Structures are given as structure tokens and as C-alpha cells.
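This is what each chain is made of:
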Amino acid sequence: MNCNYQDLRSSHPLQACWDLQLGGLGADALRVALEYGVFDQLRQFTSARHTAEALALDQQATSYLLELLWCQGLLERNEQQPALYRNLPTAERHLRAEADDYCGDALLFRHQVLRQTGSQLGDYLRSGMATPSASPQAIARSWANAARLQIAQEQRAVTTELACALIERLPECAQLERVLDLGGGPGLVAIALAERLPNLTGVVFEYPEAAAVADDNIQRAGLGERLQALGGDLNHDDIGSGFDLIWCSSVLHFVDNLPAMLRRLHAALRPGGLLVCCQAEVPSERDAAAQVLPYYLHMRLQGRHVLAEGEMAHLLQGAGFSAVQQLNGLRFPVTPVNAVIARRPQG
Ligand SMILES: C[S@@+](CC[C@H](N)C(=O)[O-])C[C@H]1O[C@@H](n2cnc3c(N)ncnc32)[C@H](O)[C@@H]1O
């Protein structure tokens, strides 16, 4: 009898499909844990029974959920009977409602967008791309709500750190005096930059209701003398001029006419000024593309600008920018982004 079972251990070709299907359940486990405040109970090693009692949940189902979260890498398990679970650092820092860098609302919002996109995919295939059904006022209002909650959480936990690290490494950093944070949501990037660079003044440009959110944050940070929140529609309204730096992250997806907007950004810089544009582009390499494509499917189906890798740099050159540099794969909320740093030529 042949006692070598190795051939029976290689995975079946269908395993790739079965693995794909697991993604949805993992996402639901995270959603439920956030909605029920499970991570709030797990600062110390705790049993499923204690967790279930504290949250008035079923004990057996809670033990299965904790096991799932453990094997997903969010909890650690102390191997005793009964098993005890505790938050791993990511859960402790970002998934506990009381944590400074809590991102639960942002994650729940993303979950909802992804699930909705998945459930509507068949409709899109049959009927074609969506035309925005919400009114411009409703779109602006939902951005203001996002500025209060999920964008603020992501800026606090992820975006400001990356933005400051990137800008502090620019050779021009010490000379920067006037910044435009275009489509800056709650304005935390402009605030963090102003806190680090004492000579910096500037503007957060946003839809009026989101600009009011940014203004609250600016006043709370005691920066009302140096930063202004300016409300308007960046497709039509004056965004100001004479800037040394324009920071623009994940905004240009939404503009009506991208080449025209890039020419306006060029005109808004003083000669020698810098545009730092951070946004996802679709990588040509498969594994990198797999990180980007699912998250941006809903935007592509809505006809937003989701560019291929290198396309933004090319468009910026066409708009008159020079010394265009590109940094790929920077860590950012949801998917890695490419930063394109471009200069308005002197004179
Ligand atoms: C995905 S969010 C990015 C926010 C911020 N830049 C960041 O990276 O955290 C896009 C932002 O662009 C703003 N925005 C989109 N279209 C706009 C328009 N036509 N006028 C003004 N702001 C706009 C939205 O209100 C929203 O805050």
C-alpha cells in the first residue's frame, strides 16, 4: 500500500473560489463585533461567558465569534480552559469606541458601501452605469456628515501622519507659508501641518457644510488666526491663489472636468509652488491591483475618475507642471495610494 498522502494535501483548484467567498463572512464578523461593542469588553483577557454576559448576548454564539476574530488576527487567545481572549494592538487602538484612534464608524461605512456595491453588481451589468440619483445638496450634506465622522476618524488615525511625513521630507518644507487643503473634509491635515510649521497659514476648501465642520476643528485647535475654512464648489468657485503648497488627497476622483481642474490648480500656485496629490490609481501588477480594484469599483461604476498608474503624473505634465515625481504604494485609508508631487515652474 502506498502510504504517501502528499498528493491528497495539495489544495483543490476550487479552493481559490472557496477562499474568495470567505471574505464576506469575515467582513460580517468585524461588522457585528463593532456594532455590539465586543472590542470594548476585551481590554484584558476575558472569557466568552463574561463577554456575552456584559453585552447580553448568547454565550455559545459569542464564543464562536471570538474564535473567528482570533483567527482573523484581531484578538489573541490565552490557551486555558475556558479560552480567554484579549484585543491585539490593532483592535485595542482602532476598534474600541473609547480609543483616540477609533475607526469603527469609518469601517462600518466602508462595509456598507462594499456590500451595497456587491449586491447591485448584477443590476449594473444589466442596466449600465449609475447616474447620480441624489441632488447636489444631498451629496454635499453626506460629505459634511462624512467629515464629522468617518473622514475625521481616518484622518486622525492615518492620513495626517502620512501627509505630514511626506511634506516634511520635501526640500521646500521650511519655506512653506501658504497652504490650500483642497477638499480637506474636516481639515485635520491642514491643522496638523499648521501645528508643525509655525509660519504656515492657509485655507481648507470644502462644500459649505463640510467647511463649517473644518472651521469648528480649526477654532478648537486655536488656529483661527492662521487657517480659514472656505465654502464652495470646487468645480465652479474661486479656490484662491498664491499658494506655496496644495494638498489634495482623494478629491480629484470627484471633479467634473479633470484637465480643467489641474490647470486651475496650476494657476492657484505661486511660481515654484507645489502640488501634492495623493490618490489611488489602478496598478498594473495583479496583487497590487487586487488591493485597489474592489474598493474603487463603486466609484468606477458611478463614472468617477479612477486613473491607471502614472496617468495623474502624465495629466499634470500636460497642465504645465514640471519636475513631476511619483511615489507609489503609500499607506493611506483603505488602499495604498500614489503620491504625485508636481511643481509650477518658476517665472
Ligand atoms: C474622499 S473625501 C477626501 C477628504 C480628504 N481630502 C482626505 O483625504 O481625507 C473627498 C472630499 O472632497 C470634497 N469634495 C468633493 N467634491 C467637491 C466639490 N465639488 N466641491 C467641494 N468639495 C468637494 C468632499 O466634500 C470630501 O470632503
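Scoring rules and cut-offs
- Residues numbered from 1 in each chain as written.
- Predicted model: local features only at pLDDT ≥ 70, side-chain atom pairs only at ≥ 80, totals over all residues.
- Heavy atoms only, no water.
- Salt bridge = Lys/Arg side-chain N within 4 Å of Asp/Glu carboxyl O.
- Helix = DSSP H or I, 4+ residues; strand = E, 2+ residues; numbered from the N terminus.
- 1 Å grid on protein atoms, 1.4 Å probe; cavity = no way out; pocket = protein on both sides within 12 Å on 5 of 7 lines; lining within 4 Å.
- Points joined across faces, edges and corners; volume = space filled by probe spheres on them.
- Nonpolar A, V, L, I, M, F, W, Y, C, P; charged D, E, K, R; others polar.
- Domains from an automatic or database assignment.
- Axes fitted to C-alpha atoms, helices over the stretch in contact; angles between N-to-C directions.
- Parallel < 35°, antiparallel > 145°, perpendicular 65-115°, else oblique.
- Contact = heavy atoms within 4.5 Å.
- Pairing = 2+ DSSP bridges.
- Core = buried A, V, L, I, M, F, W, Y, C linked by side-chain atoms within 4.5 Å.
- Buried < 20%, exposed > 50% of the residue type's maximum accessible area, 1.4 Å probe, protein only.
- Right-handed = clockwise from strand over helix to strand, strands pointing away.

### Some thoughts on the pattern of salt bridges
Per the stated rule, a full pass over the model turns up 18 salt bridges. Of the charged contacts, one joins Arg-343 and Glu-172 as a salt bridge, the two residues approaching to 2.8 Å between their closest N and O atoms. Of the two residues, Arg-343 sits in strand S10 (residues 337–343) while Glu-172 sits in the loop between helix H8 (150–168) and strand S4 (178–182), which places them 171 residues apart along the sequence. One network of salt bridges, with partners in common, ties together Asp-28, Arg-31, Glu-35 and Arg-115.

### Some thoughts on the layout of surface pockets
Taken as a whole, the second largest pocket spans an internal volume of roughly 1000 Å³. Taken together, 32 residues line the second largest pocket, and the ones lying closest to its centre are Leu-30, Leu-107, Arg-110, Leu-114 and Tyr-295. The set of elements that each furnish at least two residues to the lining of the second largest pocket consists of helix H2 (15–35), helix H5 (89–94), helix H6 (104–127), H8 and helix H12 (286–301). It is H6 that provides the largest number of residues to the lining of the second largest pocket, a total of 10 residues. Of the residues assigned to the lining of the second largest pocket, the class counts are 20 nonpolar, 8 polar and 4 charged. Mapping the lining of the second largest pocket onto the domain boundaries places at least three of its residues in each of domain 1 (11–94) and domain 2 (136–343).

### Overview of the packing of helix H7 (residues 136–148) against H8
Where H7 contacts H8, the axes come no closer than 3 Å and their chain directions differ by 40°. By the angle class used here, H7 and H8 are oblique. Contacts between H7 and H8 involve Trp-143, Asn-145, Ala-146, Ala-147 and Arg-148 on the former and, on the latter, Gln-150, Ile-151 and Ala-152. Taken together, the residues of the contact of H7 with H8 sort by class into 5 nonpolar, 2 polar and 1 charged.

### Thoughts on the sheet that holds S10
On the basis of which strands lie adjacent, the open sheet formed by 7 strands has the order S6-S5-S4-S7-S8-S10-S9 and mixed pairing. Both outer strands of the open sheet, strand S6 (227–231) and strand S9 (322–330), are each paired with one neighbouring strand and no more. Pairwise comparison of adjacent strand axes, ignoring direction, gives a mean angle of 15° for this sheet. Looking at chain direction, S4 and strand S5 (residues 201–206) are connected through 5 bridges and run parallel. Directly across from Arg-178, in S5, lies its bridge partner Thr-201. Here H8 sits on the sheet and contacts strand S7 (243–249), strand S8 (269–279), S9 and S10; the angle it forms with S7, its principal contact strand, is near 145°.

### Details of the nonpolar core
Counting 30 residues, the largest nonpolar core has Leu-166, Leu-193, Leu-245, Trp-247 and Cys-278 as the members making the most contacts within it. Only H8, helix H9 (188–196), S7, S8, H12 and S10 provide two or more residues apiece to this core. Once residues within four sequence positions are removed from consideration, Leu-193 is found in contact with Cys-164, Ile-167, Val-179, Leu-200 and Leu-245. Among the nonpolar cores identified, the runner-up in size contains 28 residues, and Leu-180, Leu-316, Ala-319 and Ala-342 belong to it.

### Side note on the pairing of S8
Two faces make up the sheet, and in a regular strand the side chains alternate between them. Across the 11 residues that make up S8, a large majority, 9, are buried. Of the pairings in the sheet, the one linking S7 to S8 comprises 6 bridges and is parallel in character. Paired with Trp-247 across the bridge in S8 is Val-276. Viewed along the sheet, the connection from S7 through helix H11 (residues 258–268) into S8 turns out right-handed.

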